[in-house]
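What follows is each chain in one-letter form.
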Amino acid sequence: QVQLVESGGGLVQPGGSLRLSCAASINIFRISTMGWYRQAPGKQRELVAAITSGGRTNYADSVKGRFTISRDNAKNTVYLQMSSLKPEDTAVYYCNAKLTLGDAWGQGTLVTVSS
């Protein structure tokens, strides 16, 4: 069973930056795609960014140019660098791993963008 542990969330002012981390309990080089999703109050969970084992990335239109996803296979960790944060980025952010037998999810980390 894969465990994903997110960290790095918190309160930040509009225009600020945060870096989220997702530490996996297995070697992530085996995982074809890892990603970050978010869920705001009253809204459905949505894909924010994803990265393949080959380094190919995909972003939601709302975060393109502001967020960057990366993976460090040596540390079994995936990152989400968030810049120019907006109040509408406020949500619980979840790490996701696409596995052969299904998806694995972390417990989530709260990001609040507010002045």
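Residues numbered from 1 in each chain as written. Predicted model: local features only at pLDDT ≥ 70, side-chain atom pairs only at ≥ 80, totals over all residues. Heavy atoms only, no water.

Caption draft 1: Representation of the nonpolar core in the model. Within the largest apolar cluster, 31 residues are counted, with the highest numbers of intra-cluster contacts made by L4, M34, W36, L80, M82 and Y93. Of all elements in the fold, only strand 3 (18-24), strand 4 (33-39), strand 5 (46-52), strand 7 (67-72), strand 8 (77-82), strand 9 (91-99) and strand 11 (109-113) reach the threshold of two or more residues within this core. Sequence-distant contacts of L4, that is, excluding residues within four places in its chain, are made with C22, A23, A24, M34, C95, N96, A97, A104, W105, G106 and Q107. (Core = buried A, V, L, I, M, F, W, Y, C linked by side-chain atoms within 4.5 Å. Buried < 20%, exposed > 50% of the residue type's maximum accessible area, 1.4 Å probe, protein only. Helix = DSSP H or I, 4+ residues; strand = E, 2+ residues; numbered from the N terminus. Contact = heavy atoms within 4.5 Å.)

Caption draft 2: Quick peek at the side chain of R71. As for its position among the elements, R71 is in strand 7. Notably, R71 is buried but unbridged: the nearest opposite-charge side chain belongs to D72, and the N-O separation is 8.8 Å. Here the side chain of R71 touches I51 through a polar contact of 3.4 Å, landing on its backbone oxygen. Reaching out from R71, the side chain makes a polar contact with the backbone oxygen of T52 at a distance of 3.2 Å. (Lys, Arg positive; Asp, Glu negative; His and termini not counted. Salt bridge = Lys/Arg side-chain N within 4 Å of Asp/Glu carboxyl O. Polar contact = N/O pair within 3.5 Å; in protein donor to acceptor, adjacent residues only side chain to side chain.)

Caption draft 3: Representation of the environment of W36. Position of W36 relative to the elements: it lies in strand 4. In this structure the C-alpha to C-alpha distance between W36 and Y79, which are 43 residues apart in sequence, comes to 8.8 Å.

Caption draft 4: Broad picture of the state of the cysteines. For the structure shown, the criterion picks out one disulfide. Through a disulfide, C22 is tied to C95; the S-S separation comes to 2.0 Å. What sets the handedness of the C22 and C95 disulfide is the S-S torsion sign, and at about -80 degrees it is left-handed. Linking C22 in strand 3 with C95 in strand 9, this pair joins segments that are 73 residues apart in sequence. Residue C22 shares its accessibility class with C95, and that shared class is buried. (Disulfide = S-S within 2.5 Å.)

Caption draft 5: Region of interest: the sheet that holds strand 1 (residues 4-7). Across the sheet, which stays open at both edges, the four strands sit in the order 1-3-8-7 with antiparallel pairing between neighbours. Strand pairing shows two members of the sheet lacking a second neighbour, strand 1 and strand 7, which therefore form its edges. Averaged over all pairs of adjacent strands, the angle between strand axes in this sheet comes to 15 degrees, irrespective of strand direction. When strand 7 meets strand 8, the two strands line up antiparallel, connected through six bridges. What sits directly across from D72, in strand 8, is T77. (Pairing = 2+ DSSP bridges. Axes fitted to C-alpha atoms, helices over the stretch in contact; angles between N-to-C directions.)

Honestly, that's just the spatial picture; any functional story needs more than this.
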